Amino acid sequence: MGSAHILELKNVETFYGKIQALKGIDLYVDKGEIVTLIGSNGAGKSTTLKTISGQVEAKKGSIHYNGEDITSLPAHKTSLVGIAHVPEGRRIFPRLSVKENLLIGAFSIKDKKVIETRMKRVFEYFPRLKERLDQKGGTMSGGEQQMLAIGRALMMKPDVLMLDEPSMGLAPIIVEQIFDIIKELNNEGMSILLVEQNAYQALHIADRGYVIQTGQIVLEGVGTELMTNRQIQEAYLA
Ligand code: ATP
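Reading guide: rules and limits
Residues numbered from 1 in each chain as written. Predicted model: local features only at pLDDT ≥ 70, side-chain atom pairs only at ≥ 80, totals over all residues. Heavy atoms only, no water. Helix = DSSP H or I, 4+ residues; strand = E, 2+ residues; numbered from the N terminus. Polar contact = N/O pair within 3.5 Å; in protein donor to acceptor, adjacent residues only side chain to side chain. Contact = heavy atoms within 4.5 Å. Axes fitted to C-alpha atoms, helices over the stretch in contact; angles between N-to-C directions. Parallel < 35°, antiparallel > 145°, perpendicular 65-115°, else oblique. Left-handed = near helix turned anticlockwise from the far one by under 90°. 1 Å grid on protein atoms, 1.4 Å probe; cavity = no way out; pocket = protein on both sides within 12 Å on 5 of 7 lines; lining within 4 Å. Points joined across faces, edges and corners; volume = space filled by probe spheres on them. Nonpolar A, V, L, I, M, F, W, Y, C, P; charged D, E, K, R; others polar.

### Remarks on the side chain of Asn 186
Structurally, Asn 186 is set in helix 7 (residues 172–187). Looking at Asn 186, its side chain comes within polar contact range of the main-chain oxygen of Gly 32, at 3.0 Å. A polar side-chain atom of Asn 186 sits 3.0 Å from the main-chain carbonyl oxygen of Met 190. Apart from the residues within four sequence positions on either side, Asn 186 is in contact with Gly 32, Glu 33, Ile 34 and Ile 192.

This is how it looks when you write it as structure tokens:
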């Protein structure tokens, strides 16, 4: 009994109306791992994360977190159990300040001291956010907004951090900074599920990777092995 996996999906199927986006996804993340899910546009990467975080419902299959069945847990509850989801396109609140955005991430925390400590920690990762506390989220650069979105997720001190295309639209140097932070969070024990179209960079930092195609996992393996796989090189690393 009891699996070592912190997160495990078994045969997960997800539909949007009649459209089947996930056709039986099996994947797991072990404690302390960075796992990446790569695939082209429309393959089902975002849907996988949304299904885990409870934004969309799994019609079939199961999702376990720390051995507990969370298949039907709604989104506002998955964040409470320890899973954070940084969505594609960041989705920060553009009219709210950096500080207000971070406070929204800590919505369920009543203890002001805890909030303060967490915010301090976020500023250690992203000093830029501290410098811009009162700036409106919407006026930040793309990279800063990504930092804010990750910072907001960190306010809940998650055990599993799910990131949906954090590199999207960002300059290479900013992507490097974001990936460095992801590695740092992982070194401190956080398990990471990273969705990326930027397969090279994702596989580079990942312990393991999965390739998803039209709602199905078609390949899985150790990050560095997948990087040298010819099929992957042709499809995603060209
Ligand atoms: P991208 O990198 O373009 O975001 P993705 O791999 O994240 O792609 P998903 O967004 O998960 O792909 O989409 C998987 C499939 O589900 C696609 O065929 C998409 O058109 C469909 N889909 C996604 N969201 C919806 C929705 N709200 N309503 C209907 N179909 C949807």
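### Some remarks on the packing of helix 3 (residues 98–105) against helix 4 (residues 112–125)
Two measures define how a pair of helices packs: the angle their axes make with one another and the distance between the axes. For the pair helix 3 and helix 4, interaxial distance at closest approach is 11 Å and the crossing angle is 120 degrees. By the angle between their axes, helix 3 is oblique relative to helix 4. Judged by the sense of rotation from one axis to the other, the crossing of helix 3 with helix 4 is right-handed. In contact with Lys 99, Leu 102 and Leu 103 of helix 3, helix 4 contributes Ile 115, Met 119, Val 122 and Phe 123.

### Points about the layout of surface pockets
Its volume calculated, the largest pocket comes out at about 520 Å³. Those elements giving two or more residues to the lining of the largest pocket turn out to be helix 2 (75–81), strand 6 (83–86), helix 3 and helix 6 (142–154). Here the residues of the lining of the largest pocket sort into 11 nonpolar, seven polar and two charged. The calculated volume of the second largest pocket comes to roughly 300 Å³. Lining the second largest pocket are 13 residues, and of these Arg 121, Tyr 125, Leu 154, Lys 157 and Met 190 sit closest to its centre. In terms of residues, the lining of the second largest pocket owes the most to one element, helix 4, which gives five residues. Grouping the constituent residues of the lining of the second largest pocket by class yields six nonpolar, two polar and five charged.

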